[in-house]
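# Observations on chain architecture
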Amino acid sequence: MENDIKKYCDIVRNSSNENEKAIKLLYESKLYKKVVGTLREELELYIRTLYLSQQNRINREQLLSDFFQNIQWKNSQNKRLTDREMVDFANEIGFGWEYISYKFACAFVHLSILHDWANKDAINIIRYEEKKTIVDYINQYHNANLDTNCTLEDILLYSLKIFEKIKANMEYYLEELEK
């Protein structure tokens with residue numbers, strides 16, 4: 001299993017490094033929908049790694065075996081494990097930013113009105129409570145001074161810092177897996 005863990009960690013790190021290069025290029029080109037999409041990809045790597053790291057040895061072995069056979073991960077009811085279940089799991093173990101970040105980013109990945117961000121500020125389309133949560137998290141974790149009147153571009157000024165934070169948190173759990 002140690003070899004599988006190492007291979008998994010290498011794959012995740014390589015994917016994360018590619019995301020890091022991509023997000024910088026996308027940000028410089030002001031391709032904001034893709035910036036948010038890349039944040040979501042990084043968040044998915046983080047959430048899967050967090051989930052895997054918190055499993056007992058037997059579950060972890062099965063998840064890794066399925067991963068390397070390109071089989072969908074299964075939950076405790078032996079049904080397809082969804083991203084939503086893993087995001088909920090992350091929230092249950094004491095975090096909170098994962099859910100709102102994932103939900104917001106998914107709106108940019110899946111076709112929605114937020115795709116029209118260039119004509120109508122996407123941050124003003126979401127519910128006030130969601131916007132406030134996003135603003136509060138950015139203020140708390142990234143030393144920002146945003147308020148709920150901010151724009152998507154104001155928020156995206158922190159996208160590279162947000163990416164770095166997700167990546168650092170993921171690295172923590174990768175190291176936990178490797179122990």
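The structure under discussion appears in the preceding block.
So, here is what we can say about the structure in this document. (Residues numbered from 1 in each chain as written. Predicted model: local features only at pLDDT ≥ 70, side-chain atom pairs only at ≥ 80, totals over all residues. Heavy atoms only, no water.)

## A closer look at the overall build of the chain
The secondary structure content of the chain amounts to eight helices and zero strands. Across the chain, helices and strands are ordered from the amino to the carboxyl terminus as α-α-α-α-α-α-α-α. Compactness check: the chain gives a C-alpha radius of gyration of 17 Å against a globular reference of 16 Å for 179 residues, within 12% of the reference. Across its three principal directions, the C-alpha atoms of the chain cover 50 × 30 × 30 Å. Each of the 179 residues in the chain was classed as buried or not, and the buried ones make up 44%. The long-range fraction of contacts in the chain, counting pairs at least 24 apart against all pairs at least 6 apart in sequence, stands at 63%. If you sum the accessible surface of the chain, you get close to 10,300 Å²; carbon and sulfur atoms cover 48% of it. Within the chain, one finds 25 positive and 29 negative side-chain charges whose respective centroids are separated by 2 Å. (Helix = DSSP H or I, 4+ residues; strand = E, 2+ residues; numbered from the N terminus. Rg over C-alpha atoms; globule rule 2.2 N^0.38 Å. Buried < 20%, exposed > 50% of the residue type's maximum accessible area, 1.4 Å probe, protein only. Contact = heavy atoms within 4.5 Å. Areas by Shrake-Rupley, 256 points an atom, 1.4 Å probe, with all protein chains shown as cover. Lys, Arg positive; Asp, Glu negative; His and termini not counted. Charge placed at Lys NZ, Arg CZ, Asp CG, Glu CD.)

## Points about the pattern of salt bridges
What the rule picks out here adds up to 16 salt bridges. Between Arg 13 and Glu 171 there is a salt bridge; the shortest N-O distance is 2.6 Å. With Arg 13 in helix H1 (residues 2-28) and Glu 171 in helix H8 (residues 159-178), this pair connects stretches of sequence that are 158 residues apart. Classification of Glu 171 as partly exposed rests on a relative accessible area of 24%. Between Lys 167 and Glu 20 there is a salt bridge, with the nearest N and O atoms lying 3.0 Å from each other. Taken as a pair, Lys 167 in helix H8 and Glu 20 in helix H1 lie far apart in primary sequence, 147 residues in all. Overall, the relative accessible area of 23% leaves Glu 20 in the partly exposed class. Among the ionic contacts, a cluster of salt bridges with common partners joins Arg 40, Glu 44, Arg 48 and Asp 83. (Salt bridge = Lys/Arg side-chain N within 4 Å of Asp/Glu carboxyl O.)

## Brief notes about helix H3 (residues 57-68)
Taking 1.5 Å per residue, 12 residues should reach 16 Å; H3 reaches 16 Å between its end C-alpha atoms and fits that length. Regarding H3, the residues found buried are Arg 60, Leu 63, Leu 64 and Asp 66. On an axial view of H3, the arc spanned by its buried residues comes to 160°, and they lie on one face. The exposed set on the far side of H3, more than 90 degrees from its buried face, consists of Arg 57 and Ile 58. Residues of H3 that are buried sit in contact with H1, helix H2 (32-53) and H8. Looking at where H3 begins, the residue whose side-chain oxygen comes 3.1 Å from the main-chain nitrogen of Ile 58 is Asn 56. After H3 finishes, the residue Asn 70 shows a positive phi value of roughly 60°. (Expected span 1.5 Å × (residues − 1). Arc of directions from axis to C-beta. Polar contact = N/O pair within 3.5 Å; in protein donor to acceptor, adjacent residues only side chain to side chain.)

## Quick notes on the packing of aromatic side chains
As enumerated under the stated definition, the model contains eight aromatic pairs in all. A ring pair is formed by Tyr 8 and Phe 67, whose centres lie 5.2 Å apart and whose planes are at 75°; its orientation type is edge-to-face. Here Tyr 8, found in helix H1, pairs with Phe 67, found in helix H3; they are 59 residues apart in sequence, far enough to count as distant. With centroids separated by 5.1 Å and ring planes inclined at 75°, the aromatic side chains of Tyr 51 and Phe 89 adopt a geometry described as edge-to-face. In this pair, Tyr 51 is assigned in helix H2 and Phe 89 in helix H4 (residues 83-92), connecting sequence segments 38 residues apart. The residue whose ring lies beneath Lys 7 is Phe 68, and the NZ or CZ to ring-centre distance is 4.9 Å. Directly above the ring of Trp 73 sits Arg 48, whose terminal nitrogen or CZ lies 5.2 Å from the centroid. (Phe/Tyr/Trp six-rings, centres within 6.5 Å; stacked < 30°, edge-to-face > 60°. Lys NZ or Arg CZ within 6 Å of the ring centre and 35° of its normal.)

So, to be careful, I would describe these as geometric facts and stop short of saying anything about function.
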